[in-house]
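Architecture at a glance
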Amino acid sequence: MSARPSPDGEAPDGQADDGDAFRMTAFYKEAARRAALAGEPRPRGVKGPPLRHLLGELDVFAEPFRRLHRDFPVQRTEHPRTVMLLPGFATHPIRMRYMAQQLERAGHKVKRWGLGFNLGPTEQNLALLEQRLVELRARYGRPVVLVGWSLGGLFARELARRHPDIVAKVVTMGSPFSGNPRANNAWRLYHLVTGHAVEAPPIDADLSAKPPVPTVALWSPRDGIISARSSRGRAGERDREVALRCTHLGFAYSPEAIAAVLRELEDL
């Protein structure tokens with residue numbers, strides 16, 4: 001005999017509770033799975049940047065005050081580019097707004113990636129990025145330069161592999177495309193947030209394979225999140241590498257990093 005609905009149309013007593021219990025059980029199982037994934041041991045001989053560099057990332061809190069008194073000189077370009085900025089892991093495009101403003105002051109057309117927070121790769125969000133890339137190419141009539149910070153750089157490299165005809169150049173900033181993907185200080189958080197191992201993304205991608213477009217890796221020996229070896233890459237994995245002196249978080253706002261990106265936009 002089926003249960004009768006209540007007079008107000010709600011589910012019978014106990015039925016909603018059973019559904020809630022099922023959802024809670026599933027939630028706790030998934031949370032436990034992700035916690036176990038995040039608790040996996042680091043491979044022997046693999047390590048991220050030293051603690052002193054990680055502590056140096058606290059510099060980010062001083063940046064808003066420095067910006068109040070900074071005069072950032074920008075020269076107008078004679079060769080405007082269309083640029084898509086791709087944010088780092090667990091960050092929102094607003095974190096790259098200062099960089100976008102300086103690139104636009106130079107005369108470039110700068111666009112966000114359109115996906116909000118970067119919470120890791122999926123075939124669905126890659127498909128959305130491919131669609132946005134195609135639209136930008138059609139709208140502005142020229143190939144797009146992809147500038148990706150950290151995990152955003154891995155997205156940029158994959159987009160360029162899939163659409164080399166409409167990508168003018170890829171500039172990565174502290175992106176871990178080379179070596180062991182656990183050679184950083186963020187892989188446990190990545191496992192917890194995304195639910196998959198950093199070396200086993202749910203997409204078909206070869207992180208170290210160079211895209212068939214000009215590819216430049218900006219890296220820093222002061223990076224406190226990503227191993228310099230991983231973000232610098234080997235010959236054949238990128239066309240050029242450029243060393244900076246900023247922190248990992250500083251790739252999004254330091255004058256040195258912004259100046260480096262501006263130079264790469266001119267060098268096309």
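The structure under discussion appears in the preceding block.
Residues numbered from 1 in each chain as written. Predicted model: local features only at pLDDT ≥ 70, side-chain atom pairs only at ≥ 80, totals over all residues. Heavy atoms only, no water.

As a further point, take unusual backbone geometry. Within the chain, A90 stands out as a residue other than glycine whose phi angle is a positive 65 degrees. Among the secondary structure elements, A90 is positioned in the loop between strand 1 (82-86) and helix 4 (97-105). Positive phi outside glycine occurs at S150, with the angle close to 55 degrees. Tracing the chain through its elements places S150 in the loop between strand 3 (144-149) and helix 6 (151-162). S150 sits in the buried class, given a relative accessible area of 8%. (Helix = DSSP H or I, 4+ residues; strand = E, 2+ residues; numbered from the N terminus. Buried < 20%, exposed > 50% of the residue type's maximum accessible area, 1.4 Å probe, protein only.)

Buried within helix 4 we find Y98, M99, A100, Q102 and L103. If you follow the buried residues of helix 4, they end up packed against helix 3 (63-68), strand 1, strand 2 (109-112), strand 4 (167-173) and helix 9 (255-266). Residue G107 follows helix 4 closely and has a positive phi angle near 105 degrees. (Contact = heavy atoms within 4.5 Å.)

Strands sit in the order 2-1-3-4-5-6 across an open sheet of 6 strands; the sheet is parallel. Looking at strand neighbours, the two that pair on one side only are strand 2 and strand 6 (240-243), the edges of this open sheet. Between one strand axis and the next, the sheet turns by 20 degrees as a mean value, whatever way the strands run. Direction of pairing for strand 4 relative to strand 5 (residues 215-219): parallel, over a ladder of 4 bridges. Note that in strand 5 the partner of V170 across the bridge is T215. (Pairing = 2+ DSSP bridges. Axes fitted to C-alpha atoms, helices over the stretch in contact; angles between N-to-C directions.)

Before going further, it helps to examine the layout of surface pockets. In this structure, the largest pocket encloses a volume near 520 Å³. Lining the largest pocket we find 29 residues, and of these F89, S150, L151, A186 and Y190 sit closest to its centre. It is helix 6 that contributes the most residues to the lining of the largest pocket, 4 residues altogether. Grouping the amino acids of the lining of the largest pocket by side-chain chemistry returns 22 nonpolar, 6 polar and 1 charged. Its volume calculated, the second largest pocket comes out at about 180 Å³. Surrounding the second largest pocket, 13 residues form its lining, Q75, R76, A106, L262 and E266 being those nearest its centre. Taken together, the residues of the lining of the second largest pocket sort by class into 6 nonpolar, 3 polar and 4 charged. (1 Å grid on protein atoms, 1.4 Å probe; cavity = no way out; pocket = protein on both sides within 12 Å on 5 of 7 lines; lining within 4 Å. Points joined across faces, edges and corners; volume = space filled by probe spheres on them. Nonpolar A, V, L, I, M, F, W, Y, C, P; charged D, E, K, R; others polar.)

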